[in-house]
Amino acid sequence: MPLSDEDLLKQIATGGKEAFGALYQRYSPRVFGLVMTLMKDRTEAEDVLQEVMWEVWRKADRYDPATGSVPTWILMIA
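The following refers to the structure shown. Fair warning: this is a prediction, and the values are worked out from it, not measured in the lab.

At their nearest, the axes of helix α2 (residues 17-39) and helix α4 (residues 70-77) sit 10 Å apart, and the two run at 50° to each other. The angle between α2 and α4 places the two elements in the oblique class. Crossing geometry of α2 relative to α4 is assigned as right-handed. Counting all contacts with α2, which are made through L23, Y27, R30, V31 and L34, the residues of α4 involved are V70, P71, I74 and L75. Looking at the contact of α2 with α4 residue by residue, the class counts come to eight nonpolar, no polar and one charged.

This part is about unusual backbone geometry. A positive phi angle, near 65°, is found at K40, a position not held by glycine. Within the secondary structure, K40 is located in the loop between α2 and α3 (42-59).

How each quantity is defined
Residues numbered from 1 in each chain as written. Predicted model: local features only at pLDDT ≥ 70, side-chain atom pairs only at ≥ 80, totals over all residues. Heavy atoms only, no water. Axes fitted to C-alpha atoms, helices over the stretch in contact; angles between N-to-C directions. Helix = DSSP H or I, 4+ residues; strand = E, 2+ residues; numbered from the N terminus. Parallel < 35°, antiparallel > 145°, perpendicular 65-115°, else oblique. Left-handed = near helix turned anticlockwise from the far one by under 90°. Contact = heavy atoms within 4.5 Å. Nonpolar A, V, L, I, M, F, W, Y, C, P; charged D, E, K, R; others polar.

Function cannot be inferred from these measures alone, as they are strictly geometric.
Here you go:
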């Protein structure tokens, strides 16, 4: 059974590389799609995607479910 987004973020907050990989697989297409729509340049969108996911890695411990869902949190970073 796949872990919830919140469980993945908890694991990421403690250095869980596999959890990060799972979250990346789950949300990178959505983030990339949003960024491509805004930027219209594939290379720049790829760079922004990497920056966004780097922020997710660095700030996973700051996620608060009371403020919104994980996808909303990630897309707000983007």
